[in-house]
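Read off the chains here:
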Amino acid sequence: MTDIGGFHDRVARVDLSGRDVRYEGIDTEDAKKYIGARGLGVKYVFEQGPDVDPLGPDNLLAFMNGPLTGTQTTMSGRIAVCTKSPLTGTVTDSHHGGWSGARLKWAGFDGLLFEGQADDPVYAYVEDGEVELRDASDLWGQGVHDTLDDIEGEVEGQYGKNLSAMAIGQGGENGVRFGCIINEDDRASGRGGTGAVMGSKNLKAVVVKSSTKMPKPADPETFQEGHKQAMRAIQESDVTAPNEGGLSQFGTNVLMNITEEMDGLPTRNGRYTSTSSEAEEDPDVPNIDSEKVSGENVRENILVDEPTCHSCPVACKKEVEVDVHHKGEEMNVRMESYEYESAWALGPNSMTDERDKIAVMLDRCNDLGVDTIEMGNIMAMAMEATEKGYLDDLGDGIDWGDSETMIDMIERVAHREDDLADLLSKGQRRMAEEIGAHDCRLDVKGQAIAAYDPRAMKGMGIGYATSNRGACHLRGYTPAAEILGIPEKVDPYDWKGKGELCATFQDMHAISDSFDICKFNAFAEGVEEYVLQYNGMTGLDYSEDELLEAGERIYNLERYYNNLNGFDGEDDTLPDRFLEDGIRGQGASEGQYCELDEMKAEYYEVRDWEDGVVPDEKLDELGIELGPGTGVSSGGAAAPSDD
């Protein structure tokens, strides 16, 4: 039990097999050590034991908010979904914004823990500190959008007023390993296959009806001082200031033109680093221009609205509407939101710049409940595999830039309706293993990269390699320093110091993910603002060093969980093309490759890890108590199970 401010001290543990709901408090020491949201969620997953089948009934699926969620804190509407990933076999946490996290807090909960497997489809209905399991048989088989419409019609609530819902589509139902969870605002807990875990449990949706009673800080004076400093920093930042040409005006897609210009945009499945890179003469490969799918282009031509999340002054979401002709059908699509990483994966990396058709693809991914980054990457991999003949036994494959086939392929993959689509549904590592196409992979630990080439941003190289949930730009967002100069500008092409920089960013983001607040706060705020708001809300008296240690503790707990699943330093690697093929660019980028070994040595020294393994001394230093299945195998890393 805990009386720390910012917590309701109420978690629902839902046994789907027995249709039983129990309520429990939160251990005070756990709350102090792991903060909340991501940190506490990973602790619950760890306690369940690492030796579980990600798609089996014993895997835990935790929906968690943090002590700052749903408060006056800026950008505090996020929610963390923590589980063991069916895509990578690692621990994973995936967050989405909007109002889901805030409404769960306002409904009286710090978290919902789902275990077991329902005999028939159900959805969880949450209101006034209670959870009820309801029949979802009529919803099973539907896309996310129809599901959410039917739920709103069934319950006495209204989206945008007092209701949020998080649902899976056919991707999660059919066990697509990058199936995701989508809420009523098209915000996705996308990476890692959280939707596939939800589908394996026959859990169609989590529906939250709430009041709008905002939690009060335990120490109002300290909290308000921190909030005042945070707002000032946000308003003064070139990146987060409203209406100043950054995130507020162009959304995350403000980065498309920037990364193109610095030769940092992986193109044609990462063979090149910009759409203007000099390439071999190939009449079968379309000539594309990334500017056509940039934030500037989107804003000028197809923007229709700029919705925002709880307590957010930035409003980075860019809602678009397009009319597209697809195979004899006129399609009108309105969707939120045209994000940078998603537009890149389904655009330049797959060799298309058809802006409006990419919007259709994004909308289809959201409705079917599949991760946009993974979907774009797996199709780009299939395009290269088609070119090299790896898919000759599976039909025609996919040609570079074939947007018509891409639109249809998304649905085929979500339903796993043919051999090629089923192969793609398994993700890049499994696809490579089945057809021998390891030279076409752009993944780390089974999860594909995002829209940052690690040859042009060396910090992203060590970040991808050491991310605890597979290749990920959000574990430690070093482009903040390498591109945006936050907290200070560093040379993106210099590997020295990037191991330490990456570890620092990873720990800071573990803190913000556990609060749970948007990472965009970190473009303006620092640990000083974090400490003031955290102490003010909770009533604790953490120093800056103690809060940073909590972030380090969370990251090490995740790494230790992965160690128990057979992962070590051999798995902290990158695709060969990033290590061996130099950039075909001009100026400072020419010939650059990623010096991963040098950065790993620096990173492990900073972390006090031994070849990617957390030693017992480090666990003791951070106060991480050994749980079930202790003892790290000395036999090297084992590949995650396909079970």
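Keep in mind it's a predicted model, so treat the numbers as computed, not measured.

A. Region of interest: the overall build of the chain. When its secondary structure is counted, the chain shows 24 helices and 17 strands. Over its C-alpha trace the chain gives a radius of gyration of 23 Å, about what one expects of a compact globule, namely 26 Å for 643 residues. Based on the C-alpha atoms only, the size of the chain along its principal axes is roughly 65 × 55 × 55 Å. Within the span of the chain, comprising 643 residues, buried residues form 66% of the whole. Here the contacts in the chain between residues at least 6 apart in sequence split such that 71% fall between residues at least 24 apart. Summed over all atoms, the accessible surface of the chain reaches about 21700 Å², with 41% contributed by carbon and sulfur. One finds the centroid of the 58 positive side-chain charges in the chain at a distance of 2 Å from the centroid of its 128 negative side-chain charges.

B. Structural view of the state of the cysteines. This model, assessed by the stated rule, comprises zero disulfides. Cys502 supplies the cysteine sulfur nearest to Cys472, a cysteine that is in no disulfide, at a spacing of 11 Å. Look at Cys472 and you get buried, because its relative accessible area is 1%.

C. Inspection of the packing of aromatic side chains at higher detail. Summed over all chains, the structure comprises 14 aromatic pairs. Ring geometry for Phe515 versus Tyr530: centroids 5.5 Å apart, planes at 80°, classification edge-to-face. On the criterion of sequence distance, the pair formed by Phe515 in helix H19 (residues 498-515) and Tyr530 in helix H20 (residues 527-538) is long-range, its members being 15 residues apart. Residues Phe515 and Tyr530 agree in their burial class; the two are buried. Members of the aromatic cluster, each reached through a chain of ring pairs, are Tyr340, Tyr452, Tyr477, Phe520 and Phe523. Between the NZ or CZ atom of Arg134 and the centre of the ring of Tyr125, over which it lies, the distance is 4.0 Å. Positioned over the ring face of Trp140 is Lys204, at 5.8 Å from the centre of the ring.

D. How the structure looks around the sheet that holds strand E14 (residues 319-326). Spatial strand order, E13-E14-E15: three strands in an open sheet with antiparallel pairing. Every other strand in the sheet has two partners, leaving strand E13 (303-305) and strand E15 (329-335) as the edge strands with one partner each. Each neighbouring strand pair of the sheet contributes to a mean axis angle of 30°, computed without reference to strand direction. Sheet topology note: the E14/E15 ladder contains seven bridges and is antiparallel. Its bridge partner being in E15, Asp323 is matched across the sheet by Asn332.

E. Representation of the pairing of strand E7 (residues 122-127). Within E7, five of the six residues are buried, which leaves the element mostly enclosed by the surrounding structure. The pairing of E7 with strand E8 (residues 130-135) spans six bridges and is antiparallel. Looking at the pairing, Val126 lines up with Val131 of E8. The pairing of E7 with strand E12 (residues 203-209) spans six bridges and is classified as parallel. Residue pairing in the sheet places Tyr125 in a bridge with Val207 of E12.

F. Local environment of the sheet that holds E7. With mixed pairing, six strands are arranged side by side in an open sheet as E8-E7-E12-E9-E10-E11. Looking at strand neighbours, the two that pair on one side only are E8 and strand E11 (188-189), the edges of this open sheet. On top of the sheet, helix H4 (residues 144-154) reaches E7, strand E9 (163-167), strand E10 (181-183) and E12; it is set at about 145° to E9, its chief contact.

G. A look at the pairing of strand E4 (residues 79-84). Across the six residues that make up E4, a large majority, six, are buried. Burial along E4 is two-sided: the residues Ile79, Val81 and Thr83 and Ala80, Cys82 and Lys84 are all buried. Two elements, strand E3 (residues 61-64) and E4, share three bridges in a ladder whose sense is antiparallel. Bridge pairing in E4 links Phe63 to Val81. Looking at chain direction, E4 and strand E5 (residues 91-96) are connected through six bridges and run antiparallel. Bridge pairing links Ala80 to His95 in E5. Counting the residues between successive antiparallel strands, the hairpin from E4 to E5 contains six residues, one of them, Gly89, with a positive phi of roughly 80°.

H. Just the pattern of salt bridges, in detail. For the structure on display, the rule yields 52 salt bridges. Where Arg22 meets Asp20, a salt bridge forms, and the shortest distance between an N and an O atom there is 3.9 Å. Arg22 sits in the partly exposed class, given a relative accessible area of 44%. Relative accessible area serves as the criterion here: at 34%, Asp20 is assigned to the partly exposed category. When the shortest N-O distance is used, the salt bridge between Glu552 and Lys618 registers 2.8 Å. Within this pair, whereas Glu552 is found in helix H21 (residues 544-564), its partner Lys618 is found in helix H24 (residues 616-622), the two being separated by 66 residues in sequence. Taking relative accessible area as the criterion, Lys618 reaches 3% and is therefore assigned buried. If you follow the salt bridges from partner to partner, you end up with Arg268, Arg271, Glu384, Glu387, Lys388, Asp439 and Arg577 in one network.

I. Structural detail: the environment of Gln72. Inspection of the secondary structure assignment puts Gln72 in the loop between E3 and E4. Sequence separation of Gln72 and Asp219 is 147 residues, and the distance between their C-alpha atoms is 13 Å.

J. Looking closely at the confidence of the model for the chain. Residues with a pLDDT of 70 or more make up 96% of the chain, whose mean pLDDT is 94. Below a pLDDT of 50 lies the segment residues 628-643, which in the model reaches 32 contacts outside its immediate sequence neighbourhood of four places, other chains included.

K. Highlighting the packing of helix H7 (residues 220-236) against H20. The contact between H7 and H20 brings their axes to 7 Å, and the two run at 150°. As summarised for this structure, H7 and H20 are arranged roughly antiparallel, according to the angle between their axes. H20 is crossed by H7, and the crossing has left-handed handedness. Facing H7, whose interface residues are Thr222, Phe223, Glu225, Gly226, His227, Gln229 and Ala230, H20 presents Glu528, Glu529, Leu532, Gln533, Asn535, Gly536 and Met537. Its residues assigned to classes, the contact of H7 with H20 shows four nonpolar, seven polar and three charged.

L. Geometry of the nonpolar core. Ranked by size, the top nonpolar core spans 149 residues in total, and within it Tyr338, Met375, Met379, Leu424, Met431 and Leu547 carry the most contacts. Beyond its immediate sequence surroundings of up to four residues, Leu547 is in contact with Ile35, Ile511, Phe515, Val527, Tyr530, Val531, Tyr534 and Tyr542. If you look at the next biggest cluster of nonpolar residues, it comprises 26 residues, including Val14, Leu112, Leu203 and Val206.

Rules and cut-offs
Per chain, residues are indexed from 1 in the order of the written sequence. Side-chain atom pairs in this predicted model are given and counted only at pLDDT of 80 or more, local residue features only at pLDDT of at least 70, and totals for whole chains, interfaces and linings cover all residues. As a rule here, side-chain values cover all heavy atoms of the structure and leave hydrogens and water aside. Comment: elements are numbered from the N terminus, with helices defined as DSSP H or I runs of at least four residues and strands as E runs of at least two. Radius of gyration here uses only the C-alpha atoms, and the compact-globule reference equals 2.2 Å multiplied by the residue count raised to the power 0.38. Exposure categories follow from relative accessible area, calculated using a 1.4 Å probe and restricted to protein chains: below 20% of the type maximum is buried, above 50% is exposed, and the middle band is partly exposed. Note on contacts: a residue pair is in contact if any heavy atoms of the two residues lie within 4.5 Å. Values of accessible area rely on a 1.4 Å probe in the Shrake-Rupley scheme; residue burial ignores everything except the protein chains shown. His is not counted here, nor are the chain ends, while Lys and Arg score as positive and Asp and Glu score as negative. A single reference atom marks each charge: NZ on Lys, CZ on Arg, CG on Asp, CD on Glu. By disulfide we mean two sulfur atoms from cysteines, separated by a distance within 2.5 Å. Two rings from Phe, Tyr or Trp (for Trp, the six-membered ring) form a pair when their centres sit within 6.5 Å of each other. Planes less than 30 degrees apart are called stacked, planes more than 60 degrees apart edge-to-face, and all others tilted. Distance and angle both matter: a charge sits over a ring if NZ of Lys or CZ of Arg is within 6 Å of the ring centre and within 35 degrees of the ring normal. In this scheme, strands are said to pair when DSSP sees at least two bridges between them. Note on definitions: angles span 0 to 180 degrees between N-to-C directions of axes, and those axes are lines fitted to C-alpha atoms, for helices only across the stretch in contact. Salt bridges are counted wherever a side-chain nitrogen of Lys or Arg sits within 4 Å of a carboxyl oxygen of Asp or Glu. The predictor attaches a confidence to each residue, called pLDDT, with possible values from 0 through 100. Should an angle lie under 35 degrees it is considered roughly parallel, over 145 roughly antiparallel, and from 65 to 115 roughly perpendicular; all remaining angles are considered oblique. Here is the rule for handedness: rotate from the far helix to the near one, and if that takes an anticlockwise turn smaller than a right angle the crossing is left-handed, while a clockwise turn gives right-handed. Three categories are distinguished: nonpolar for Ala, Val, Leu, Ile, Met, Phe, Trp, Tyr, Cys and Pro, charged for Asp, Glu, Lys and Arg, and polar for the others, with Gly belonging to the last. Side-chain atoms within 4.5 Å link the members of a nonpolar core, which is a set of buried Ala, Val, Leu, Ile, Met, Phe, Trp, Tyr and Cys residues.

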